[in-house]
Amino acid sequence: MAPRRWLPLLVVLALIAAGCASGGASASVSVAPSGLAGWGPPATPPKLTPVLVTNGIGKGKARILFLYLDSKNGVASAPDRSAKVSFYDLATDPAKPVATEDGEFVWTIENERGMYVVDTDFPTAGTWGAEFTTAAPGSPAETVRLTFDVRESLPTVAVGAKAPASKTPTAADVGGNLSQISTDPKPDAAFYKTSVADALAAHKPFMLVFATPKFCTSQQCGPTLDHFKPIAKANPDVTFINVEPYKLKVVDGALQPDLDANGQLQATAVTNEWGLLSEPWIFAVDRNGVVQGSYEVTITPSELDAILRVITAAG
């Protein structure tokens, strides 16, 4: 996997942490075709800037993540701030939206940082437009437009596809020493009991969480993994599996990254099998081995409730 695939969310969160000048953080943003009235840069800088967090958008059904940054690059997304997005196929009709969706807010780090999720459908690849409208108590509504690219396809294992029979590391592989396969300072042993290959062979529904708390480029892996620990305990009929997405090696008794010749993190074979574009990433697989859910960064409560019903259904 080329290192650039991991950059967009890292760039967004680096902007938030550093408070540097905003210049369109996400790599998804593109330049609108010339001659499209209303899709150029705004005449005056907006008070709030929408940022696409999603690393890659492909033709067909898509799950879009976005957040709002204020003028100092602080996160302005909040539970009481509404967010609505209208999507335009700029090659077909730049004046008529194809779909309009309300964003669902989700905390990515509880009471500290949040984003919005929308599900939509892109029937064609090419340059699309998004019109973001937001409002919050005590502040007027604001609308901002941006453009982005929709690809013909993405490398990530798609919803509806068969899950790769990955031989993910388990506690049995390391004599129960979880510090050799996980960078989680407080690992839940249940997440390392079963490999993906074994779960598929046993026809067990499972949630696969790619997350590395110690080396996560987005600083989101630890909170996401911690979020799933009580969920796993509350759902004993579902197998939960954590996998480190990068190549690691034991140095002086601790896991350290196995960097390439350029000093970059390297994706594991399992990470490449699943075609990850970023981390953390969560997949939900039913007892027939079919991927029923794919979630970048985190999962909303409504998404979780719905997908657990799907993957545990008899069939």
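Further up the page is the structure itself.
In what follows, the accompanying structure is described. These numbers come from a predicted model, not from an experiment.

## Points about the packing of aromatic side chains
Next, step 1: Here the structure, examined in full by the defined rule, presents 17 aromatic pairs.
Next, step 2: With a centroid separation of 6.3 Å and 85° between ring planes, the pair formed by F87 and F148 is classed as edge-to-face. Within this pair, whereas F87 is found in strand β3 (residues 82–89), its partner F148 is found in strand β8 (residues 139–150), the two being separated by 61 residues in sequence.
Next, step 3: Among the aromatic residues, ring-to-ring pairing joins F66, Y68, F105, W107, Y116 and F132 into one connected group.
Next, step 4: Here the guanidinium or amino end of R145 rests over the ring plane of W39, the centre of that ring lying 4.1 Å away.
Next, step 5: Taking the ring centre of Y88 as reference, the NZ or CZ of R145 above it sits at 5.1 Å.

## Examining the environment of N272
Next, step 1: As for its placement among the helices and strands, N272 is situated in helix α4 (residues 269–274).
Next, step 2: A sequence separation of 116 residues divides N272 from T156, and the C-alpha atoms of the two residues are 8.7 Å apart.

## So, the pattern of salt bridges
Next, step 1: Per the counting criterion, the structure on display carries seven salt bridges.
Next, step 2: In this structure, E152 engages K59 in a salt bridge whose closest nitrogen and oxygen atoms are separated by 3.0 Å. In this pair, E152 is assigned in the loop between β8 and α2 (196–201) and K59 in the loop between β1 (49–52) and β2 (60–69), connecting sequence segments 93 residues apart.
Next, step 3: Taking relative accessible area as the criterion, E152 reaches 55% and is therefore assigned exposed.
Next, step 4: Relative accessible area serves as the criterion here: at 39%, K59 is assigned to the partly exposed category.
Next, step 5: Shared partners join several salt bridges into a network, and the residues in it are D184, D226 and K229.

## Details of the side chain of N55
Next, step 1: Tracing the chain through its elements places N55 in the loop between β1 and β2.
Next, step 2: A polar side-chain atom of N55 sits 3.4 Å from a polar atom in the side chain of S278.
Next, step 3: Reaching out from N55, the side chain makes a polar contact with the side chain of E296 at a distance of 2.4 Å.

## Observations concerning the nonpolar core
Next, step 1: Grouped together as the largest cluster of nonpolar side chains are 25 residues, with contacts concentrated most on M207, F228 and F240.
Next, step 2: Top element by residues in this core is helix α3 (residues 221–234). It accounts for five residues.
Next, step 3: Contacts of F240, omitting those with residues within four sequence positions, involve A190, F191, M207, F228, I231, A232 and N235.
Next, step 4: Membership of the second largest hydrophobic core comes to 21 residues, among which are A62, Y68, Y116 and F148.

## Some thoughts on the sheet that holds strand β7 (residues 126–136)
Next, step 1: Spatially, β4-β3-β7-β8 is the arrangement adopted by the four strands of the open sheet, whose pairing is antiparallel. Each edge of the open sheet is held by one strand with a lone partner, namely β4 (99–102) and β8. In this sheet, neighbouring strand axes are inclined to one another by 20° on average, regardless of whether the strands run parallel or antiparallel.
Next, step 2: Both β7 and β8 contribute to a ladder of ten bridges, which runs antiparallel. Residue E131 lies in a different strand from β8, and its bridge partner there is R145.

## With respect to the side chain of T156
Next, step 1: Within the secondary structure layout, T156 lies in the loop between β8 and α2.
Next, step 2: Classification of T156 by relative accessible area gives buried; the value is 12%.
Next, step 3: Other than its neighbours up to four places away in sequence, T156 contacts W274, G275, L277, W281, F283 and S294.

## Structural notes on the sheet that holds strand β14 (residues 291–296)
Next, step 1: Reading across the sheet, the four strands line up as β10-β9-β13-β14 and stay open at both edges, with mixed pairing between neighbours. Lying at the two open borders of the sheet, with one neighbouring strand each, are β10 (239–243) and β14. For this sheet, the mean inter-axis angle between neighbouring strands, taken without regard to orientation, is 15°.
Next, step 2: In this sheet, β10 lies alongside strand β9 (residues 206–210) in parallel orientation, the contact comprising five bridges. Note that in β10 the partner of V209 across the bridge is N242.
Next, step 3: Lying on the sheet, α3 is in contact with β9, β10 and β13 (281–285); it crosses β10 at an angle near 160°.

## Let's talk about unusual backbone geometry
Next, step 1: The omega torsion across E279 and P280 is 0°, close enough to zero to call that bond cis.
Next, step 2: With respect to the secondary-structure elements, P280 resides in the loop between α4 and β13.
Next, step 3: For N111, which is not glycine, the phi torsion reads 60° and is therefore positive.
Next, step 4: Residue placement: N111 occurs in the loop between β5 (104–109) and β6 (113–122).
Next, step 5: What makes N111 exposed here is its relative accessible area of 61%.
Next, step 6: Phi is positive for D252, close to 55°, though the residue is something other than glycine.
Next, step 7: Relative to the elements of secondary structure, D252 occurs in the loop between β11 (248–251) and β12 (254–257).

Scoring rules and cut-offs
- The numbers attached to residues start from 1 for each chain and follow its sequence in the written order.
- For a predicted model such as this one, the threshold for reporting local features is a pLDDT of at least 70, and the threshold for listing and counting side-chain atom pairs is 80 or more; totals across whole chains, interfaces and linings nevertheless cover every residue.
- Side-chain numbers here rest on the full set of heavy atoms in the structure, without hydrogens or water.
- Working definition: a ring pair exists when centres of Phe, Tyr or Trp rings (six-membered ring for Trp) sit within 6.5 Å. Plane angles under 30 degrees give stacked, over 60 give edge-to-face, the rest tilted.
- Put simply, DSSP marks the helices as runs of H or I at least four residues long and the strands as runs of E at least two long, and each gets a number from the N terminus on.
- A ring is considered to have a charge above it if a Lys NZ or an Arg CZ atom is located within 6 Å of its centre and within 35 degrees of its normal.
- We define a salt bridge as a contact between a side-chain nitrogen of Lys or Arg and a carboxyl oxygen of Asp or Glu at a distance within 4 Å.
- Each residue is placed in one exposure class: buried if its accessible area under a 1.4 Å probe, protein chains only, is under 20% of its type's maximum, exposed if it is over 50%, and partly exposed if it falls in between.
- Polar contact is the term for a pair of N or O atoms within 3.5 Å; when the atoms are in protein, one must be able to donate a hydrogen and the other to accept it, and sequence-neighboring residues count only if both atoms are side-chain atoms.
- Nine residue types can take part in a nonpolar core, namely buried Ala, Val, Leu, Ile, Met, Phe, Trp, Tyr and Cys, and a core is a set of them joined through side-chain atoms within 4.5 Å.
- Whether two residues are in contact is decided by their heavy atoms, any of which lying within 4.5 Å being enough.
- At least two DSSP bridges between two strands are needed for those strands to be called paired.
- Angles run from 0 to 180 degrees between N-to-C directions of axes, and those axes are lines fitted to C-alpha atoms, restricted for helices to the stretch in contact.

The values reported here are purely geometric and, on their own, carry no functional implication.
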